[in-house]
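Structural overview for review
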Amino acid sequence: MSVQQESDTAGAIAAILGRLLGALDTVLLGQHEVHRLVLIGILSRGHVLVEGMPGLGKTTLIRALGQLLRLDFKRIQFTPDLMPSDVVGCSILQQTADGRREMVFQPGPIFTNILLADEINRASPKTQSALLEAMQESRATVLGQTRTLPDPFFVLASQNPIELEGTYPLPEAQLDRFLLKVLVEMPEADVLESIIMSRRHGAAPEHEPIASAAELGQLFGAMQRVVLARPVARYISRLVIATHPDGDGATDRVRRFVRHGASPRAAIGLAEAARAAALLAGRNTVGFEDVKSIAPAVLRHRLILGYEAGLERVSADDILGSLLETVEEVPGALPRGVAMVHAGVGSAADA
């Protein structure tokens, strides 16, 4: 690829991402960081769990994303009486034209590109588990027969806080399959005023598709070209190891409040999400700041906390904040001023 072709491709990628992010910013006013994280999840080909109190627009956001991407989109409203067959499908006995009877598979809504799993934690654990194979391997097994899901396949799930009545905590194995857990907070007063003035009956603006399947393929191709240097990879690995109570670099908070830390899947996901953050920022090389900006969303749902954390109101974000402050980007690095003196550049005071 020539320099001119590479420049044109980079410009096209930036234009697509800019249009997508701009359109999302018109869906939930004042939630730019939420939109950035959800788009990072799509670029990383990962599943996204969006958590927040009822009425904050979680479902509206995911539905809008389905409109913006020219892909097949389906929705499941998770309820306590939902069965696994309502998710993956089932085989039905039907009579053929020649009078014979045979079992015909009726695919469930999981056979799509973008699946909105609305209020996923209001279904029973048995039904929640119907998504496990699909989220990890992009396939579904029904009555011993395995069928491949469409490519790409994303689960974008909304969840109410587990403190609310009628919710079931997602199993740790299923939480680990979500690349990101995004928190939607209550907007500020001025944003709420804009919502009141512009959203009669709560209706969000409709959107025409912005990115086709081919353009989405361009974005995935651009992700393959984002460079992650070894020092950044080493920083990711040390950060993930430090989430374990017996790991190198674990803080006092980790040792006291964390029972189990993040998995190797989390490290892989953090690296991929950092690539997406760099691409979204217009860079083709991952920096330490990309890892730090995305780490809480990748790791917060993967820390298993002990009861002491609940008693002292210590959250996973609190623990991750302390880790990001203490785990060095380059282990054993000299302070900046000292490093410049040793390099022969100015003095510590000048630095």
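These figures come from a predicted structure and were not determined experimentally.

How each quantity is defined
- Residues numbered from 1 in each chain as written.
- Predicted model: local features only at pLDDT ≥ 70, side-chain atom pairs only at ≥ 80, totals over all residues.
- Heavy atoms only, no water.
- Buried < 20%, exposed > 50% of the residue type's maximum accessible area, 1.4 Å probe, protein only.
- Helix = DSSP H or I, 4+ residues; strand = E, 2+ residues; numbered from the N terminus.
- Pairing = 2+ DSSP bridges.
- Phe/Tyr/Trp six-rings, centres within 6.5 Å; stacked < 30°, edge-to-face > 60°.
- Lys NZ or Arg CZ within 6 Å of the ring centre and 35° of its normal.
- Expected span 1.5 Å × (residues − 1).
- Core = buried A, V, L, I, M, F, W, Y, C linked by side-chain atoms within 4.5 Å.
- Contact = heavy atoms within 4.5 Å.
- Salt bridge = Lys/Arg side-chain N within 4 Å of Asp/Glu carboxyl O.
- Axes fitted to C-alpha atoms, helices over the stretch in contact; angles between N-to-C directions.
- Left-handed = near helix turned anticlockwise from the far one by under 90°.
- Nonpolar A, V, L, I, M, F, W, Y, C, P; charged D, E, K, R; others polar.

What about the pairing of strand β1 (residues 48-51)?
Burial of the side chains of β1 extends over both faces: V48 and V50 are buried on one face and L49 and E51 on the other. Where β1 meets strand β8 (residues 154-159), four bridges bridge the pair, whose relative direction is parallel. In the sheet register, V50 faces β8, and the bridge partner there is S158.

Description of the packing of aromatic side chains
In this structure the tally under the stated criterion is two aromatic pairs. Note on F105 and F111: the rings are 5.8 Å apart at their centroids and 75 degrees apart in plane angle, and the pair reads as edge-to-face. Of the two residues, F105 and F111, neither departs from the other in class, the shared state being buried. Lying over the aromatic face of F220, R45 brings its terminal NZ or CZ to 4.3 Å of the ring centre.

As for helix α12 (residues 264-280)
Its 17 residues place the ends of α12 24 Å apart at the C-alpha level, agreeing with the 24 Å of an ideal helix rising 1.5 Å per residue. Following α12 by one or two positions, G282 has its phi on the positive side, about 85 degrees.

Re the nonpolar core
Core analysis: the biggest nonpolar cluster contains 81 residues, and L20, L69, L180, L239, L270 and V291 have the highest contact counts within it. Among the elements that take part in this core, α12 stands out by supplying 10 residues, more than any other. With near-sequence residues (within four places) excluded, L180 lies in contact with L37, I40, G41, H47, V48, L49, I294, A297, V298 and H301. I110, F111, A123 and L131 belong to the second largest nonpolar core, which has 26 residues in total.

Things to note about the pattern of salt bridges
Across all of its chains, the model carries 21 salt bridges by this definition. The partner of R300 in a salt bridge is D317, with the nearest N and O atoms 2.9 Å apart. Here D317 lies in helix α15 (residues 316-326) and R300 lies in the loop between α13 (288-299) and β11 (304-305), a separation of 17 residues in the sequence. For D317, a relative accessible area of 31% gives the class partly exposed. Each of D98, R100 and E102 takes part in one network of salt bridges that share partners.

A few points about the packing of helix α2 (residues 32-43) against α12
Across the interface, α2 lies against α12 with an axial gap of 9 Å and an inter-helix angle of 115 degrees. With respect to the hand of their crossing, α2 and α12 are arranged in right-handed fashion. From α2, R36, L39, I40 and L43 reach across to α12, where they touch A273, A276, A277, L279 and L280. A per-class count over the contact of α2 with α12 returns eight nonpolar, no polar and one charged.

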